[in-house]
Amino acid sequence: MAPYVFDLREKYYSFHLSELSRIKSKYTLILMKMYQAQKMGNQKTVTITGEMNDWQDWFLGVDRSSNWTAGRFKQKVLNVAVDELIETLNVTIVLNTIKKGVKVTGYEITINSD
């Protein structure tokens, strides 16, 4: 029985209705879900790291990921989600761009709940 309980705990997300009612962007909902999935218990700091293709697949879906440049993706998706999540959940977020030379290869988001 224990494996089923742990599996349910890992895959179940709960959000307060007051938090969801203030969300305007679908990208913020996706980031909020990713944050809740990575958070273990009362953990204060959560880090989400991925390559550029991973981030675009998570937020835009597999079929649209190749159409967006790294700059456009960061401006229209990540910055919007990060700013709104800061306001909604009262957390601090650090968004780091991972580069190889001048090319953006991915992002790392660190969310710290106070």
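Examining the overall build of the chain
Helix and strand counts for the chain stand at five helices and three strands. Walking the chain from its N terminus toward its C terminus, one meets helices and strands in the order α-α-α-β-α-α-β-β. Across the 114 residues in the chain, those meeting the buried criterion constitute 32%. Of the contacts made within the chain by residues no fewer than 6 positions apart, 50% connect residues no fewer than 24 positions apart.

As for the sheet that holds strand β2 (residues 91–100)
Pairing between the strands of a sheet is mediated by backbone hydrogen bonds and can be parallel or antiparallel. Pairing is antiparallel across the open sheet formed by three strands, whose spatial order is β1-β3-β2. Each having just a single partner strand, β1 (45–51) and β2 make up the two edges of the open sheet. Taking each pair of neighbouring strands and ignoring which way they run, the sheet shows an average axis angle of 15°. Both β2 and strand β3 (residues 103–113) contribute to a ladder of ten bridges, which runs antiparallel. Paired with T97 across the strands is Y107, a residue of β3. Along the sheet, helix α3 (residues 26–38) makes contact with β1 and β3, crossing β1 at roughly 115°. Seen against the sheet, helix α4 (residues 52–60) touches β1 and β3 and runs at an angle of roughly 105° to β1.

Some words on α4
For α4, the complete set of buried residues consists of M52, W55, Q56, F59 and L60. One side of α4 carries all its buried residues, which in axial view fall inside an arc of 95°. Phi turns positive, to about 95°, at G61, one or two residues after α4.

So, the nonpolar core
Soluble globular proteins tend to pack their nonpolar side chains together in the buried interior. Counting 25 residues, the largest nonpolar core has L31, W55, F59, F73, L78, I109 and I111 as its most contacted members. Sorting the residues of this core by element identifies α3, β1, α4, α5 (70–89), β2 and β3 as the ones contributing at least two each. Ignoring any residue separated from it by four or fewer positions in sequence, one finds F73 in contact with M52, W55, Q56, F59, L60, W68, L78 and Y107.

Some thoughts on the pairing of β3
Pairing geometry for β1 and β3, over seven bridges, is antiparallel. Considered in β3, the bridge of E51 is made with G106.

A look at the confidence of the model for the chain
Per-residue confidence for the chain gives a mean pLDDT of 80; residues scoring 70 or more make up 77%. Summarising per-element confidence for the chain, the mean pLDDT is lowest in helix α1 (residues 2–11) (50) and highest in β2 (94).

A short note on the packing of aromatic side chains
One pass over the structure, following the stated rule, counts five aromatic pairs. Among the aromatic side chains, those forming a connected cluster through ring pairs are Y27, W55, W58, F59, F73 and Y107. Against the face of W68 rests R72, its NZ or CZ located 4.2 Å from the ring centre.

The rules behind these values
Residues numbered from 1 in each chain as written. Predicted model: local features only at pLDDT ≥ 70, side-chain atom pairs only at ≥ 80, totals over all residues. Heavy atoms only, no water. Helix = DSSP H or I, 4+ residues; strand = E, 2+ residues; numbered from the N terminus. Buried < 20%, exposed > 50% of the residue type's maximum accessible area, 1.4 Å probe, protein only. Contact = heavy atoms within 4.5 Å. Pairing = 2+ DSSP bridges. Axes fitted to C-alpha atoms, helices over the stretch in contact; angles between N-to-C directions. Arc of directions from axis to C-beta. Core = buried A, V, L, I, M, F, W, Y, C linked by side-chain atoms within 4.5 Å. pLDDT = per-residue confidence, 0-100. Phe/Tyr/Trp six-rings, centres within 6.5 Å; stacked < 30°, edge-to-face > 60°. Lys NZ or Arg CZ within 6 Å of the ring centre and 35° of its normal.

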